Each structure stands twice: as C-alpha cells, then as structure tokens.
Amino acid sequence: MLRRHVKIIVKIRRFQLFFMAAAVLSLCSCDTDLFELYEGLPKDTDPKMEADVWSPSECGIDEVVLESFSIRASLNREVLADIYFNKTDGRCQATVEHYKLAMSRLVPTWNGTAARVTVNGVDQIPGKSAVDFSSPVTYRFYASDGKYSDIRIVLEQGECSELPVMSLTTEKMVSDRYTWVMSSFRYHLPSDGTFFQSEVRTRLLYDDSFYSDKKSFDLEFDRGLPMLGMAGDTRWALISNVPDRTYLRNKVAGRIGSVLDMAWNPSSEYCELFVNNVYQGLYLFSEQVTVGEKRVNVTQADNARNPEEAGYLFRMDWNRESHWFQTAVMELPVNIVYPSAVDAGGERYVRDFFKKIEQYLYRKEQPDTSFRSLVDMESFAKCWIAYELTVNGNAAVPSSVWYSKDAFGKLCAGPLWSLDANSFNESDRFILRDYETSDFYADTRSLWYSRLFRDTAFVRTVKDVWEQHREELKDIVSYVDEQASVISGTVGYTLQKWPTDRGSNKDMKLPWKEAVDLLKRHVSDRWTFLDKSIASW
C-alpha cells in the first residue's frame, strides 16, 4: 500500500497537477470534469483512465507545494495576456502592465499539491473559483493532516496609457501573407470600459514592415464590425509603423486625405497590442483598402454580366499578385485587386482601358484631351497634392499606389496607403511632375503627371483643389502635435523594443522628439513650397 502511495505522489509531481480536489467535494469519487482544468496535463494523458489514481480519498498529502500561480486570458474574458506571479517567501506577486484591468472578479489557476485550498474559509477550485484581487488575497493550502500554509497573493496595477489595447492569440504561428490563421481577438477601451472579443482570421500584411521583426497584420472577421468609431467592415489592419521613427506618418497622411475630401481614405486609431501574451507596443489599427459600401464603393462584380458593368480596384506595385500586368506605353505595374477572381475577359478589358488612357496621354507633344473621358481629374489632382505634400517617394516607384474604377466609370486615384517609409523628407522639387523616369530607382517608371500637367484643364483643377483646402492643409502641423501627444506615453517603450535606426526616412537616428520636430518642419516647408509654386501657374 505504501508503494502505491509513492507512485501516486510521483505521478502528481511529474504532471504538475494543480491540486487534488477540495476535501469537502465527493471524497468517495472523482468527477472526470475536474481534469478539464488541468492545463499542465500532457496531451497524451487520458484523465478518465487515471481518475482513480488522483482521487484524494486514496492518498494523503503530507506536504503542501505551490509551484506556480497565474491568471490566464483563456479563463478570464478581460485579461489580455496571461499573468504569471513571482513567488517569494509566503507571497506571490504580479503587476498588470500596459492596460487597466478590472480585478474584482478574476479566476486564477495554480500548479502544486494540496488536499484543500480556501480563501476566507471558502473552498477554491483552480480555473473555476472567482476572487476579488483588487486588494491582497490570502490563499490557505491544507495538507491531509489539517496543517496549512498561507500564501499572500498580490496583484498590482502598473502604468498604462488611455489608448485602446488589443490582443491576438493565434492557433499557430502567423508566418506569411497568404495563409489565414484562426485567432482570438480582443480589445479594451480604457476610456469607457468597453470590451470586445471575437474570432478572426489573421495573416501577415505585406507592407514596409514585412521583412522586419515587428510585423503588421491583416485581419478578416466573419461579419462587418464597427471598430473604435470606424464604420463596420470585415477587413482591418494592424500596422506596425516600424519604418517610421515618429510613428506619425501614416496617421498624418490619413488626415491629409481627409482634409482633401477624397472619395474614401482609410481611417485609423492608435492602439497597443499583445500577440500571444507578448506585449508588442504601439500599433495603428486601420481600415483596409477593400471594396465595400463604406470603403472603396464600386459596383460589386457579382452584379456584373460583362466586364464593363463591374467595379475594379487596382494597386500599382512591383509586388506581383495573381492578376498583374504592365501598361502598354509606360510599363507601369498594375495588380487587379478586385475582383480577385477576374476572368480572362475582365483582365483583357482592364488592359485595354489602361492602354487607351496612355495612348491619349502620350499620342503627341500635347495629350489628346479625350483622356478626360477616362480619368477622374479631381481625384488625380487630390492625390497629386497629397503625394507632393507628403513627399511620397513610393508613389514614384510606384509602390502601394491605389486606383479604382466603377462600372462604366472613369479611373479614380486613391486612396492613400502605406506612407510610413520614404515619405515626409526634405525636398525642394516636385516628386511627380517634371519627369517620367524615377530617380529613386533607375529602371522604373513614374506616374502620368508630367503629361497630365500639359493639359490646362488639369492644371486648373489642381489650382482649384489647392485653393479650396490650402488653409486646412497648412494646419496639418497642429495635427502632428495633437497626435504626438496621444502616443507620447507609449512610443518610448516601443522604440526601445523595436529600434528604427535604418530606413529610407531621414530621421532614423534622431531622438523621437527631434524626429517629430523635423517632421513638422518638413510639412511646413513643403506646404510653403507648394503654395508658392501653385500660385505662380
């Protein structure tokens, strides 16, 4: 009999079970449901087969052992990352970092051996019993002979900002931009206590952070959900902004698009992010560039009987997707993003459409004004102003340059996307007006603006758009200050965790505050340059 008890204790320590069971609960039998709580149990162990082994009625606990104490996100809805307590003499302590946690009803779990565990005389079951941790709590661990040890559990609230806090817990590693991985998504708003939880498909977002350690994520929900005051949709992005020392460029570019009253431009909000229980720092939660009633609003392809009746979404980019081609004259790289399953007839229609535009623009010394029936000049004027004000070098490559076309409609420029790299740098010349061959990359082609500016109607459109929005655009510098204050409490930790000392922006080695000041100066100087230049036309 003694040998049998020794084997039992060895098995208990080997598998690190939480505790045997409360002595007051069914001492004559062991309910197999209890074993669902034992997260430390190896997957190849069948609790039902060994239920008789763990029955506390068959063995005594001579020594109380507490090996670990934790509060798991999987057992607590509002816990965004697992909380592990540090154990010292008679005390376990942990601090909740980066977000504010309501502590009045949390369910802890623990590993160790005890015949019984109580709090204020009430029996506790790991993974089930909720406790108020807003003040220190004493757990009493009993041995079979009635002796006990008291462990004081202390959970403290650490520093946190007022930014929304999000978490992603993935079923497996998110390793590429093609494979969706099921994940659990949560966010918490400290401002009003709002908490949200949902399943989401996750993959890497292909942007300027793709080859860095701090990744951006592409999110797809089953249903359209409004997020952080933004209109509901199924597709969202968590943007790392890691190429941007200031963490402000994408946000400021979005503001410029809003001031210009573009047909649609992605809205975004700052947040802090946990991925698989690890704090990642500052992110930008953003609407994705997708087709939808509240996004790029073009005719759904399902409603089209032929290519002319469909809506389209294009991205000019050297990164080739499934339906990629180069334009006939200027060899610009075009991805047909929507419809994603465009057939051969639809692709031929798109190629011919772009070919007609370029044939009109490049037919003679002066463009054939017939291009006006194919190009939405106001949207092209707004995008030109945005690209020039932000000194968007990626537009000249081109990279992440978006266009759309509705059924029987013109080609529209926009929205703005991915301006965290190669942007807002010092420049005293135009990026997209005076040349076709880009001096960023010798063998690539710039956009069509040098030809568009030979058309007096287009020049007049640019002047009209600038005059209408110039004062608001001048105030972008104040917006930089406003957003800098929003992230000032979080960006320091993020830059320390994810250094950004290399890249195409010219502020990569500056302290954050100096980088922000340089960004403001560049915006102000660029506005002055554009204002004087446009006034002289």
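Reading the values: rules and limits
Residues numbered from 1 in each chain as written. Predicted model: local features only at pLDDT ≥ 70, side-chain atom pairs only at ≥ 80, totals over all residues. Heavy atoms only, no water. Helix = DSSP H or I, 4+ residues; strand = E, 2+ residues; numbered from the N terminus. Expected span 1.5 Å × (residues − 1). Bend = angle between axes of the 7 residues up to and from the residue. Buried < 20%, exposed > 50% of the residue type's maximum accessible area, 1.4 Å probe, protein only. Contact = heavy atoms within 4.5 Å. Disulfide = S-S within 2.5 Å. 1 Å grid on protein atoms, 1.4 Å probe; cavity = no way out; pocket = protein on both sides within 12 Å on 5 of 7 lines; lining within 4 Å. Points joined across faces, edges and corners; volume = space filled by probe spheres on them. Nonpolar A, V, L, I, M, F, W, Y, C, P; charged D, E, K, R; others polar. Axes fitted to C-alpha atoms, helices over the stretch in contact; angles between N-to-C directions. Parallel < 35°, antiparallel > 145°, perpendicular 65-115°, else oblique. Left-handed = near helix turned anticlockwise from the far one by under 90°. Pairing = 2+ DSSP bridges.

Draft legend 1. Broad picture of helix α7 (residues 456-474). Spanning 19 residues, α7 covers 26 Å between terminal C-alpha atoms, matching the ideal 27 Å at 1.5 Å per step. Largest kink in α7: about 45 degrees, centred on Q468. Restricting attention to buried positions, one finds in α7 the residues A457, F458, V459, T461, V462, V465, W466, H469, R470 and L473. On its buried face, α7 is in contact with α3 (249-259), α5 (377-389), α6 (449-452), α8 (476-497) and α9 (512-535).

Draft legend 2. Geometry of the state of the cysteines. Scanning all chains against the criterion turns up 0 disulfides. We note that C412 lacks a disulfide partner, and the nearest cysteine sulfur, in C383, lies 9.7 Å from it. Given the relative accessible area of 24%, C412 is considered partly exposed.

Draft legend 3. Examining the side chain of H98 more closely. You can see H98 is positioned in the loop between β4 (91-96) and β5 (109-113). Judged by relative accessible area, H98 falls into the buried class, the value being 17%. Each residue touching H98, except ones within four places of it in the same chain, is listed here: E159, C160, V165, E272, F274, Y279 and Y493.

Draft legend 4. Expanded view of the environment of N422. Residue position: N422 is located in the loop between β21 (411-413) and α6. Here N422 falls in the buried class, since its relative accessible area comes to 12%. Measuring from C-alpha to C-alpha, the distance between N422 and S504 comes to 4.9 Å, with 82 residues separating the pair along the chain.

Draft legend 5. Structural detail: empty space enclosed by the protein. With the rule as written, the count across this model stands at 1 cavity of 30 Å³ or more. Approximately 30 Å³ is the volume found for the largest cavity. Around the largest cavity, the lining residues are L205, D207, I239, N250, W417, S418 and D420. Along the lines of polarity and charge, the residues of the lining of the largest cavity split into 3 nonpolar, 2 polar and 2 charged.

Draft legend 6. Focus on the environment of A231. Note that A231 resides in strand β14 (residues 230-239). Other than its neighbours up to four places away in sequence, A231 contacts L225, P226, W236, E287, K294 and R295.

Draft legend 7. The arrangement of the packing of α3 against α8 in detail. Where α3 meets α8, the closest approach of the two axes is 10 Å, and the angle between their N-to-C directions is 140 degrees. One way to sum up the angle between α3 and α8 is to call them oblique. Between α3 and α8 lies a crossing of right-handed hand. Only I476, Y479, V480 and Q483 of α8 make contact with α3, whose side of the interface consists of K251, V252, R255, I256 and V259. Here the residues of the contact of α3 with α8 are counted per class, giving 6 nonpolar, 1 polar and 2 charged.

Draft legend 8. Highlighting the side chain of H522. Note on placement: H522 falls in helix α9. Discounting chain neighbours no more than four positions away, the residues touching H522 are F424, N425 and E426.

Draft legend 9. Just the pairing of strand β13 (residues 217-227), in detail. In the sheet, strand β12 (residues 195-204) pairs with β13 via 4 bridges, with the strands oriented antiparallel. For R201, the partnering residue across the bridge sits in β13 and is E220. Of the pairings in the sheet, the one linking β13 to β14 comprises 6 bridges and is antiparallel in character. Note on β14: the bridge partner recorded for L225 is D233. As consecutive antiparallel partners, β13 and β14 are separated by 2 residues, and within that stretch L228 has a phi angle of approximately 50 degrees, a positive value.

Draft legend 10. Representation of the sheet that holds β12. The strand order around the closed barrel formed by 7 strands is β10-β11-β12-β13-β14-β16-β15, and the pairing between neighbours is mixed. Neighbour-to-neighbour, the strand axes of this sheet turn through a mean angle of 35 degrees, independent of strand direction. Packing of α3 onto the sheet brings it into contact with β14, β15 (268-275) and β16 (278-287), and relative to β15 it is tilted by some 150 degrees. On the sheet, α8 packs against β15 and β16 and is oriented at approximately 135 degrees with respect to β16.

Draft legend 11. Looking closely at the sheet that holds strand β20 (residues 401-405). If you walk across this open sheet you meet the 5 strands as β18-β19-β17-β20-β21, and the pairing is antiparallel. Whereas interior strands pair on both sides, the edge strands pair on one side only; in this sheet they are β18 (324-326) and β21. Looking at each pair of strands side by side, their axes are set apart by 30 degrees on average, direction ignored. Against the sheet, helix α4 (residues 344-361) contacts β17 (312-316), β18, β19 (333-338), β20 and β21, and its axis sits at roughly 60 degrees relative to β17. Along the sheet, α5 contacts β20 and β21; its crossing angle with β21, the most-contacted strand, is approximately 25 degrees.

Draft legend 12. Structural context of the pairing of strand β8 (residues 137-142). Note that strand β6 (residues 116-119) and β8 share 3 bridges and pair antiparallel. Looking at β8, one finds that V117 is bridged to F141. Where β8 hands over to strand β9 (residues 148-157), the hairpin turn is made up of 5 residues, of which G146 adopts a positive phi near 95 degrees.

Draft legend 13. Representation of the environment of W318 within the structure. As for its placement among the helices and strands, W318 is situated in the loop between β17 and β18. W318 sits in the partly exposed class, given a relative accessible area of 32%. Separated by 14 residues in the primary sequence, W318 and L332 place their C-alpha atoms 8.6 Å from one another.

Draft legend 14. Spotlight on unusual backbone geometry. Following Y338, the chain continues into P339 via a peptide bond in cis, with omega recorded as 0 degrees. Note on placement: P339 falls in the loop between β19 and α4. Look at the link from V397 to P398: it is a cis peptide, with omega at -5 degrees. With respect to the helices and strands, P398 occurs in the loop between α5 and β20. If you check the backbone angles, D261 has positive phi at about 60 degrees while not being a glycine. With respect to the element layout, D261 can be found in the loop between α3 and β15.

Draft legend 15. View of the packing of α8 against α9. Running from N to C, α8 and α9 point in directions that differ by 160 degrees, and their axes come no closer than 10 Å. Our classification of the angle between α8 and α9 gives roughly antiparallel. Taken as a pair, α8 and α9 cross one another with a handedness that is right-handed. Within the contact between the two elements, α8 uses I476, V477, V480, D481, A484, I487, S488, V491 and L495 and α9 uses W512, V516, L519, K520, V523 and S524. Across the contact of α8 with α9, the residue classes tally to 11 nonpolar, 2 polar and 2 charged.

Function cannot be read off these values alone, since they describe shape.
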